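# Analysis of the macromolecular model
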Amino acid sequence: MAKRALLINPPTGLYIREDRCQAPLKGMAATTARPPLDLAYMAATMESAGVECRIKDYPVQGGGWAEFGQELREFKPDLLFISVTSFTIQDDLVACRAAKDALGDAVTTVAKGAHISVMARETLEKNPALDIAIMGEYELAAKEIALATDLRKVYGLSFRDRATGSIVTTEARRFLETLDILPFPARHLLDNKMYLRPDTGQMQTTVQTCRGCGANCIFCLSGTVYGKKVRVRSPRNVVDELEQCVRVHKIKDFFFRADTFTWNRPWVMEVCQGILDRKLDIRWVCNSRVDTIDAERLAIMKKAGCHGVAFGIESGVQEILNKIKKGTTLEKAREAVALSKASGMKTLLYFVMGLPWETEADVRKSIDFALELGGDFVEFHLAIPFPGTELHDIAQRDKLYAEESLAGYDYSRTPLKTYYLSGEQLLKLRREAFRRIYFHPASILRIMKTIILGLRSPSQLWYTLKFGASKMASLVLSREENR
């Protein structure tokens, strides 16, 4: 049995590392660091088995490889868990080599992430210092690895047999049907003050409310990571965690992490009513789909503390929406955003730019549609062909890659071209999109109104303006060229 486990976000850049969501903080309109919930969940399951755990989020805490080396020498973990992204995996797994250099075979190195779930064997073959790759859901796998005397009995792993050097893959792990069996994340191991709400600077955490998505969008990792069935925690379990955050950790701002928080209407209503019944004075935001929202849902969400909803609009061209299997319409998008505005919610609208069939005219129609919808914040992501998605298969089939490795790329730098547009053209169009949207008089007025209505203190105003200025600089003033 392992006695000590070190769980890290390696010092390889500021990224959201939530498997489905692998987003850099630089070059994004409304994204800030989120607590590493995956590491905190794994730590919680291992702590329940008596394993001493430490979590280090080096990019957020400001630590580098030297600090990581010092932690290895001082803590001497039996297990090292590394959270990777498809963009940074080559650099992330340098941590395995560093751990072996410091502790030899006394430490077992373990990696998790969407990339690992799809390409576990290939990753192990390329990284001889990596011992175990977790495929699929990781919380219970972490505990079972810590307790295992025979890794062959642990579901959902690929690992290197130390006796023979061969790579062994175990039986696939089934998705958890009852999410309530998981302990709450080990937030006592996190520096919660490092994770802040982007518009106010107040302490904010993430709460995983459900998993899975019934949609079929060709670019999304949700189905690969969490499956097509939407699995929800019980409303009481969700509210219990919220109450713990408020009472124990003094956190009152939340991002509800779910592929689509509003998918199950009765469940949404019950969660919100639970928040109201316990008189939790909290504020929160969530993800939605434009076809899973209505006035009644929005009303109780608003009453329970929701102040913002994010919608995946993706494109302003119906033909493109059909090709990417979004399953929504432009009219539904108009209705959802209008309803949200009428309820007093802020809206964050996500678009994907650089889908295979897009022309320059299509991209400009999407920018026009974003202006028409008038969201409080708009994000344009360049399409990324993550392994495990249909977009990846299309890009391979039709040779749309500049290069197949995602290393060094992200949502603001893509290795893809469309059938009509180069990567450089897409980068220029993305910058144009942000300039047109955020320098538009209506957008400036709307953002200023949102700031004024939400203002609670002079320090909040300063934080908001500083955050906005830095984001605009990274979005529209960058001179970087796409590779």
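Up top is the structure these notes are about.
Overview of the structure. Bear in mind the structure is a predicted one, so any value in this text is a computation, not a measurement.

Definitions and limits used
Residues numbered from 1 in each chain as written. Predicted model: local features only at pLDDT ≥ 70, side-chain atom pairs only at ≥ 80, totals over all residues. Heavy atoms only, no water. 1 Å grid on protein atoms, 1.4 Å probe; cavity = no way out; pocket = protein on both sides within 12 Å on 5 of 7 lines; lining within 4 Å. Points joined across faces, edges and corners; volume = space filled by probe spheres on them. Helix = DSSP H or I, 4+ residues; strand = E, 2+ residues; numbered from the N terminus. Nonpolar A, V, L, I, M, F, W, Y, C, P; charged D, E, K, R; others polar. Buried < 20%, exposed > 50% of the residue type's maximum accessible area, 1.4 Å probe, protein only. Contact = heavy atoms within 4.5 Å. Pairing = 2+ DSSP bridges. Axes fitted to C-alpha atoms, helices over the stretch in contact; angles between N-to-C directions. Parallel < 35°, antiparallel > 145°, perpendicular 65-115°, else oblique. Left-handed = near helix turned anticlockwise from the far one by under 90°.

## So, empty space enclosed by the protein
- According to the stated counting rule, one finds 3 cavities of 30 Å³ or more in the structure shown.
- Taken as a whole, the largest cavity spans an internal volume of roughly 130 Å³.
- The set of elements that each furnish at least two residues to the lining of the largest cavity consists of β2 (15-18), α1 (37-47) and α2 (58-61).
- The class makeup of the residues in the lining of the largest cavity is 9 nonpolar, 1 polar and 6 charged.
- Of the voids in this model, the second largest cavity is the one considered here, and its volume is about 40 Å³.
- Around the second largest cavity, the lining residues are D19, K112, G113, A114, S117, I134, G136, Y138 and V225.
- Class assignment for the residues of the lining of the second largest cavity results in 4 nonpolar, 3 polar and 2 charged.

## Notes on the side chain of D38
- Take D38: it is sitting in helix α1.
- Taking the relative accessible area as the measure of exposure, D38 reaches 2% and is therefore buried.
- Look past the residues within four positions of D38 in its chain and what remains in contact with it is R17, S83, K112, Y138 and R257.

## So, the sheet that holds strand β4 (residues 52-57)
- Judged by pairing direction, the sheet is mixed, and its 7 strands sit side by side in the order β4-β1-β5-β6-β7-β8-β9 without closing on themselves. Pairing within the sheet leaves two strands with one partner each, and these edge strands are β4 and β9 (167-169). The mean inter-strand angle of the sheet, taken between neighbouring strand axes irrespective of direction, is 20 degrees.
- Two strands pair when backbone bridges link them, and strand β1 (residues 4-9) and strand β5 (residues 79-83) are joined in this way by 4 bridges, in the parallel orientation. Directly across from I8, in β5, lies its bridge partner I82.
- Contacts from α1 reach β1, β4, β5 and β6 (108-112), with the element oriented near 175 degrees to β1.

## Remarks on the packing of helix α11 (residues 265-277) against helix α12 (residues 295-303)
- At a closest axis distance of 9 Å, the pairing of α11 and α12 adopts a crossing angle of 25 degrees. Of the possible angle classes, the one that applies to α11 and α12 is roughly parallel. The element α11 and its partner α12 pack so that their crossing is left-handed. Contact residues: α11 offers R265, V268, M269, C272, Q273 and L276, while α12 offers E296, R297, I300, M301 and K303.
- In terms of residue class, the contact of α11 with α12 is built from 6 nonpolar, 1 polar and 4 charged.

## Comments concerning the layout of surface pockets
- Its boundaries defined by the atoms lining it, the second largest pocket holds a volume of some 910 Å³.
- If you go around the second largest pocket, you meet 47 residues; those closest to its centre are R20, F219, C220, L221 and E314.
- Mapped by element, the contributors of at least two residues to the lining of the second largest pocket are β3 (21-24), β11 (210-211), α9 (222-226), β13 (253-257), β14 (283-288), β15 (306-314), β16 (346-353) and β17 (377-382).
- For the lining of the second largest pocket, the per-class residue count stands at 23 nonpolar, 13 polar and 11 charged.

## A word on the environment of R20
- Relative to the assigned elements, R20 resides in the loop between β2 and β3.
- Looking at R20, the relative accessible area reads 25%, which means it is partly exposed.
- Put simply, R20 and C306 are 286 residues apart on the chain and 23 Å apart in space, counted from C-alpha to C-alpha.

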